[in-house]
Structures are given as structure tokens and as C-alpha cells.
Amino acid sequence: MSMQTIYEAPRLAPKPGERVVTSTCGHNCGGRCVVNAHVNDGRITRITTDARAWNPDHPPLPACARGVGQIERTYHPDRLQYPMRRTGPRGSGQFERISWDEALDEVAGQLLRVRETYGNGAILDGSRSGSLSKLHGRSTALRFLHMFGGCTNLWSSMSNQAEIFSVRTVYGPGINFKAAGREPTDYINSKLILMWGWSPGDGTFGTGTMPYLKQAKAAGTRFVCVDPRRTRTSRQLADEHIFIRPSTDAAALISMAQVIVSEGLHDQAYCDAHVLGFDEAGLPEGAPAGASYRSYLMGEGDGIRKTPEWASEITGIPAATIRRLAIEFGTAKPAAIQCGYGPGRTAFGEQFHRAAYALAAITGNVGIVGGNSGVSNGSTGQAFFKSFPAGENPIDSNVSTPLLADLLERGTGGGYPADIKLIYAAGGDIFNQAGNTPKTIAALDNVEFIVGQDHFLTPTTRYADIVLPATTFWERNDVHVPWAGAGHYAIYMDKAIEPMGECRNDIDIFADLAARVGIEGYNDKSEEEWLRELTADTVDDFEAFRDQGVARFPAPEDAVAFAKEIREPDLHRFSTPSGKIEVYSTTLAENPNPYGLGVISPTPTWVPHLHGADDYPLQMCSAKSRARTHSIHGNQEKLRKVDPDNIWMHPDDADARGIHDGQMVKVFSPTGATILPAKVTADIAPGVTSMREGAWFTPNDEGIDTEGATNAITADVSAACGATTYNTGFVDVRPVNV
């Protein structure tokens, strides 16, 4: 590839009277694809995408059904088009239209009142990833709240906090998790790819990921998929599918490492040179005897050898399968383990990711062509564009996101830093997406004022006192970068239409609020000035970028993360305290409870935690919907047909309950219940159920959700690293009439 930036316009020529505008979905969807709006008389009449033929050296950026479905979303009859004030009980959906001045005056007054009465900690930032682009994103809300004196912050990522924590712990805080994997162009160099809880065929995980995986398969790469569900990815790629019980992944990986070490298949020279704490000789000075990973695998401390027989009891995988897979991974050179986020959304999710990284490290697969670190993101990263500056939060009031419901219910009485009295939710359907939605909704009686700034009356905005209508990405200019941190390109999000009704850009809403509450300097630039500044470090021709739509940057020097650290360790050290891959974490040894949420062992460890009660015998895991981005698109009837909601059940579990395929069933757990159709399929492990996350919480008069909302039945529990625990849970399922 040329070392120069290439600017290109991947769109059809306009027809007479038509304007064709290139953009990309501004949502947290797993892709970053080209969507072209065909505009006639100021209205989008259709959406097309990048239709070029597949070329691995210069891949197209085609959109999925959600991208094409943006036209249905933009002109949806339920679109918010003017400010509103609540007139009925919270959640009733009863609102009256008011002017922008009335709405902003009331919001400003409530912000000032709550700050004066309770302090800034009583204000909760409820914004999230509804808009992810570089200018008109979550930073607009954060900048305002920080300049207002601060707010209580839900600090952990709902998607992949376990991975973020583990990358920082094992590979060092100097690397961003989006740059800790490898480019898809390297898949073809792997002899074996182990896909662990990773399904880019369902969740996208980077535009172009699946074609590159198919290219590798055609070239002879062997694929093994480990997942509680036989996914679309597994059906298309896997030579072998291995079913596993949710939330037990760390045990399987630890056992694989035990087999590899027992058989002498680990790379001792690599471990000596690059790995801290693999064996006793590789421990740092001052570490206790017996603290190495090898000692743990061999049971030298607890008397339990982590054999396949040990792991089989936990995971449901036959011991012979674990042993065979371990030997294959230990002998295939190079081999790559590609981990999804789902297994990390568990009670001890950090142990899964750290065990995966340890397996990659002891086999010498980190930082080499065709190998991988265990991270499924890219190696380019996303840092080549700046974001609208949020600034620092002036107050120290931080709560792990999965604890939202408990924070709202108990506040300072439960040991939290504040009692929440005002929630500002801009582009974040947080009530729907955090665990235990019924508890969250019940706790809103403790909250005095809620602002909902969004495109629809989502399950969060529906409970707001003031509703503010925001623009979509089609109604403003912005820029974006690849979701997975792979692909080294950027897309200019060209404004296609004028704002609908009275909708306003988030940045302008907050600027007006800033003036009302006495904040100076919130925004002193025009949209174009900001976009030029945010892209200046990378884009050498802003006009070409804006006019063409897509910028292609030079490929990275190495397609695999940590190649320099392995190739030239004297010149390039890992950013860990030791400068090595820390299978034994020095930071956790010094501070084993970093967030006050629980102790985390220095080496990867299986922590027993699965306790299904007689009333809730089935495990539950959630999956991505191809018809939604989390809860975005959840109200689109046409798009819903792409991937209808249901609960997967194994035939044995369905038969035992008298449930047939397509039947309406009630799923219930200790936190709540939901109703949706059953899908009886052998594509899920026995004893396990699965629902697609993101359906809109819609309770009936009894408080039972009627739309298949997963968080009606999940708990508000945080992992020790701050991760969500959606996939550690138990339910039962019964026909609706029982």
C-alpha cells in the first residue's frame, strides 16, 4: 500500500436532482461501515453502501441491515421532534409539548438546585454510547457536567471492562485494548484459530472481519469454536464446535495450560525471555514461593492439579476434548486465540481474559506473525483522531456501572459516594442496558429529576421529567474511526438533511445550558473548526476527506500487537512494571483489591461461583442481535424481522418443561421475568438458555416484561474488575399459561 493517505468516495453517482452523501452509523455496533444517503428534495429516499468487490489488500466497507435500516429509524413515526415535560406518573408516557426555552430553563434550574442542595455528587451522568462519533458523542455531556463542577460517574465499560482491565494488567497500561490484538490481514498466517466466545458473524466485530476469516479458512487455517451456542460464525467457519457452560471459560483455559505444561509443549525460552511469573524461576524478587502460574496449574498450593478431568466437571466439556484441544494449540505453530467479550461479562470475567493471554504467552504466540495476544481487536487502534475534550471530573465519585440499580436504591446508606437526585441521560439507554432493570425502575422514586436527551422515548427517556430531542448523525457533520481498532481508515460523516422538527445537536443543547448556569468556554468553535482540529494529526487534506468521504491510511508496520516487544525486547519493553508479559501481576500482588469490589489473584485462577438454585436450574447467557445495536433500533418493526427475538433452549430442557418451538414462554429469575417465544434448538448446550440483549423493557401491569428484555432477569452485580456479569445467572422457563 502507498505510504500516502488515499481519499475515496465509495458511492454511486447521483441521479438527476439527487445528492448522495457518505456517512457511517454513529452507534456502538461493532462495525464502522459506509452508509450512503440518497437525498431528494431534502429527504433521504434510500440508503446504499460500499458495493465494491472484496479485495483483501483494499477491502470495501459494506454495511449490514442496521445501516440500511437507518432510513426507517430517521423517519420513524415515534421520533422525538420537540421538547416535552412529563404530565403523568413516571413511565406512563404522558408528556406535553413545551418550548426549548421552557425546557432548558427548567433543566438549568434543577441542575443549580440539586448542586446547591446536595452537591455535585448527587448528579449522575447517565449518558453512554448512543452516539460514538468524535465530535457529537458522549463527551458533549461529560464536558458540560465536568465544567458544572462534576458528577457521579459510572466508570466501567458495560461491554468489555474485563478485557480492558486484563490488557492493562498483563500487557501494561501503556497499550489501549483496541490496539492490543492484530489486523485481520494476519488471520491467513495462523495454522489454527481458536474462536472463544467470539462471533463476528453475529456481532460484526470490525467491518470486513468475516471475509478475512473466510479467506484464512480457504487457505487452510483450522478453526475451532468454543461457545455455549453454535453461532453463525461457527456454522460458517468452524471445523469443530465445542459447547461450554457459560461463566466457566477460565477453568477450561487453565486446564489447557496444565496439559501443555505437563506435556512439555510450552515455549520455555520464550517464557524466560518475555514472561513474568510462568514458573518459580521467572517470579519477581520478593514474590512468595509457589506463587507462579506453573505451581498453580500443578496444584502445588491447593493440592488440586488443574487437569482436564477437573475442568470437565466445571465446564461440561469432555476431558478428552480439553486434552486434545490443548495439545493441538500447543503444537500448531503459529496458533491464535481470538476472545470475544461475552465470557468476560461474568462474575470473574477478568480471570477468563487473563487465562487466555497466559495460554497465548506460554506457547510463544504473542507478538508473532500468525499468533495473537488473546485480544480480538486490531493493532492499529483508534487514537489517530482526537475527540471533543471532556476534561477531568472535578470530584471523586465513581461507581462500577453494573451497580447502577443498587446505587439508586441505597446511595450513601449502601456505602456509595452519593445519593443520586438528578440523572442526565444523553444518548444512553442506561436503565434498559444495566443489570436488574426492575430494581432500577423501582429505585427512581429516590431521584428528584431526570433529563432524557435522545431520539425516542426509550425505556430510559420514558421515565424522564424533561425530554430533549437530539439530532441523529444524518443531521450533522462528524468523523469516525474503525470500531475494532483495525483497518486504518476513517469516514467523514457528511450531513445529509436538516434537523427533523425542533431537534438540536447535543453540543448546542449543552452550550445553551452552559450559558444558563454560568459556564464560560463550553464551546468556542464552529463544527468545521472542531472537525479540522480533531483530525489534524492524521488527515493531510481536510477538503478531500470531507468531499470524498473515506480516508485510507498506511498499514501499520506490524500487523500483530507487541511484535516490537518480542522482536527487540531490549529496545521495546512492555509497559508493565516488569517490562514483560505479566502472567504474575505485580500490580495485583501489591494491591489485590484495586476497586474495592473483590480480591483478584496475581495469576489467572478459577474461582468457583456457579450456584444454581432448584427454582432456577438453567444457566442464562445473552447474545448480540443483528437487528439492534444494544437497544438502538429496538422499535423498528421492519428491521426486527432480520433477527427475531426468542430464547434458545436445548430440546432436552424444552421437553422436560412441555415447551415446543415457537411457543410463548415466561423466563424468570430472582430479579424479574420476561415473556418471549422459545426457539428449541440443538445449537445450544444442555442446561443453558440464551436471549438477545437490547430489547426494550416493557412491563405489564404485574411488572413482567413483555418484550424479551434480558435485563429484566439479570442481577446488579459487579465483577471485581468492574465488569458486568450478564452471563453469570440462572433462570427457569415455563409456558406462558403455566
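Our subject is the structure that appears above.
Residues numbered from 1 in each chain as written. Predicted model: local features only at pLDDT ≥ 70, side-chain atom pairs only at ≥ 80, totals over all residues. Heavy atoms only, no water.

Trainee: Describe the overall build of the protein, listing the residues and the values that go with them.
Mentor: The number of helices and strands found in the protein is 24 helices and 27 strands. Taken over the C-alpha trace, the protein has a radius of gyration of 25 Å; the compact-globule value for 738 residues is 27 Å, and the two agree within 12%. Summarising its shape, the C-alpha atoms of the protein cover approximately 70 × 65 × 55 Å along the three principal directions. The buried share of the protein, reckoned over its 738 residues, is 63%. Taking the intrachain contacts of the protein between residues at least 6 apart in sequence as the baseline, contacts between residues at least 24 apart amount to 75%. Total accessible area on the protein stands at roughly 25,900 Å², and carbon and sulfur atoms take up 49% of it. Of the side-chain charges in the protein, 68 are positive and 87 negative, and the distance between the mean point of each set is 4 Å. (Helix = DSSP H or I, 4+ residues; strand = E, 2+ residues; numbered from the N terminus. Rg over C-alpha atoms; globule rule 2.2 N^0.38 Å. Buried < 20%, exposed > 50% of the residue type's maximum accessible area, 1.4 Å probe, protein only. Contact = heavy atoms within 4.5 Å. Areas by Shrake-Rupley, 256 points an atom, 1.4 Å probe, with all protein chains shown as cover. Lys, Arg positive; Asp, Glu negative; His and termini not counted. Charge placed at Lys NZ, Arg CZ, Asp CG, Glu CD.)

Trainee: Give me the lowdown on helix α3 (residues 100-118), citing residues and values where you can.
Mentor: The end-to-end C-alpha distance of α3, which contains 19 residues, comes to 27 Å, matching closely the 27 Å that a straight helix rising 1.5 Å per residue would cover. Those residues of α3 not exposed but buried are W100, A103, L104, V107, A108, Q110, L111 and V114. All buried residues of α3 fall inside an arc of 160° around its axis, so they share one side. Across α3 from its buried face, at more than 90 degrees, point the exposed residues D101 and E116. Those residues of α3 that are buried are in contact with β7 (123-125), α4 (139-147), β15 (422-426), β16 (449-454), β17 (466-469) and α18 (506-517). (Expected span 1.5 Å × (residues − 1). Arc of directions from axis to C-beta.)

Trainee: Kindly report on the packing of helix α9 (residues 249-262) against helix α13 (residues 319-331), identifying the contributing residues and their values.
Mentor: Closest axis-to-axis distance for the α9/α13 pair is 8 Å, and the angle between their directions is 65°. Judged by the twist between their axes, the crossing of α9 over α13 is right-handed. Residue-level inspection shows A252, S255, M256, V259 and I260 of α9 in contact with α13, the latter providing I322, R323, L325, A326, I327, F329 and G330. Residues of the contact of α9 with α13, tallied by class, amount to 9 nonpolar, 2 polar and 1 charged. (Axes fitted to C-alpha atoms, helices over the stretch in contact; angles between N-to-C directions. Left-handed = near helix turned anticlockwise from the far one by under 90°. Nonpolar A, V, L, I, M, F, W, Y, C, P; charged D, E, K, R; others polar.)

Trainee: Outline the packing of aromatic side chains, supporting the account with residue identities and numerical values.
Mentor: Taken as a whole and judged by the stated rule, the model has 25 aromatic pairs. A centroid spacing of 5.4 Å and a plane angle of 75° characterise the contact between F384 and F385, whose relative ring orientation is edge-to-face. F385 carries the same exposure label as F384, and that label is buried. Three or more aromatic residues joined by ring pairs form one cluster here, namely F384, F385, Y492, F542, F545 and F553. (Phe/Tyr/Trp six-rings, centres within 6.5 Å; stacked < 30°, edge-to-face > 60°.)

Just distances and angles here, no functional claims.
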